[in-house]
Amino acid sequence: IAQPALSQQIADLEKQLGVTLFERTSRSVSLTPAGEILQKAAPELLKRMDTIHQQLLSAQAGLLGNLKIGYISAFQPGLPSLLKKYQTIYPDVAVELFCGTIQEMRTSIKNLDADIVFGLLHKEMAFEGSGLARKDLWQEDLHLVLRKNHPFARSGGQDYSLLREDTLCLLADETIPEFQRLVHGICDDIGLSFRKVTTHKDWGPILIQIENSAAVSVFSTRDSNLFCAYQKDLVSFPIKKDCLNFSAIWNPKSTNTALPLFLDVLDTSHSNVSTE
């Protein structure tokens, strides 16, 4: 580096720091006490600056940062294998999970409070005008869930007239949008009617009513299998095939650079998510 340029850089640095770094005489140049402190600190400062620069490049490339993922409870068994694969490839991205209703997660996505969510949606449901993107992962059947000692179960699931005096308890539309309309349409198609219909936001109170013979319900394949395995007195009967989709939803306006990389992992692994 030329002497004038070096002298100018030193002068600029001294001005920026507000200290004198060099004692200059006609015969020599030596470090001041402040200069000696900076000289000792400089290697670590430069190393730290290089590290920060690499972190900035990694963050810009989506290799470092945070990813917030929402899901409904029914999707929980599908998450571990997906997250394991993603975090094996991108270990420096911190993943935050939250569970809620599809409406709560849809709001989070629209407001960019979450990066991607997984929900169970009506197969024909679209997000007209919402600006959200959707990827359907796999389809689910609908099953009628009730106690094994119910007359309908003893009939082998053939005589729907044995259900007319029952209460049908369903998940609320805020949990699965348009779910009630879907179930009522299916019931009409197969000639299934009930004395009363009630709803709950979560499946817990519904299960309690089924177990107490106070109601029957309709769930997706995954949920019905889980509940019947958990409560041996329950049994399920399929009533409609491939009418619900487990879907991933995200906002294309998101600026989180970790999201496209997560979507790439999802593209290469979603066929296995439903069975893991």
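Residues numbered from 1 in each chain as written. Predicted model: local features only at pLDDT ≥ 70, side-chain atom pairs only at ≥ 80, totals over all residues. Heavy atoms only, no water.

### Let's talk about the overall build of the protein chain
For step 1, the next point in the chain: Helix and strand content of the protein chain: nine helices and ten strands.
For step 2, the next point in the chain: Against the compact-globule benchmark of 19 Å for 276 residues, the protein chain has a radius of gyration of 30 Å, which places it well outside the compact range.
For step 3, the next point in the chain: Overall size of the protein chain, expressed as C-alpha extent along the three principal axes, is 110 × 40 × 30 Å.
For step 4, the next point in the chain: Within the protein chain, the fraction of its 276 residues that count as buried is 40%.
For step 5, the next point in the chain: Carbon and sulfur atoms make up 52% of the accessible area of the protein chain, which totals about 15,200 Å².
For step 6, the next point in the chain: Distance between charge centroids for the protein chain: 2 Å, based on 27 positive and 32 negative side chains. (Helix = DSSP H or I, 4+ residues; strand = E, 2+ residues; numbered from the N terminus. Rg over C-alpha atoms; globule rule 2.2 N^0.38 Å. Buried < 20%, exposed > 50% of the residue type's maximum accessible area, 1.4 Å probe, protein only. Areas by Shrake-Rupley, 256 points an atom, 1.4 Å probe, with all protein chains shown as cover. Lys, Arg positive; Asp, Glu negative; His and termini not counted. Charge placed at Lys NZ, Arg CZ, Asp CG, Glu CD.)

### Thoughts on unusual backbone geometry
For step 1, the next point in the chain: Within the chain, Leu-112 stands out as a residue other than glycine whose phi angle is a positive 60°.
For step 2, the next point in the chain: Looking at the element boundaries, Leu-112 is found in the loop between helix 4 (102-110) and strand 5 (116-122).
For step 3, the next point in the chain: Residue Leu-112 is classed as partly exposed on the basis of its relative accessible area, which comes to 43%.

### Some details on the side chain of His-143
For step 1, the next point in the chain: You can see His-143 is positioned in strand 6 (residues 133-147).
For step 2, the next point in the chain: With relative accessibility at 9%, the residue His-143 sits in the buried group.
For step 3, the next point in the chain: For His-143, the side chain forms a polar contact with the side chain of Thr-221, separated by 3.4 Å.
For step 4, the next point in the chain: Those residues in contact with His-143 that sit more than four places away from it in its chain are Ser-217, Val-218, Phe-219, Ser-220, Thr-221, Ser-224, Ser-236, Phe-237, Pro-238 and Ile-239. (Polar contact = N/O pair within 3.5 Å; in protein donor to acceptor, adjacent residues only side chain to side chain. Contact = heavy atoms within 4.5 Å.)

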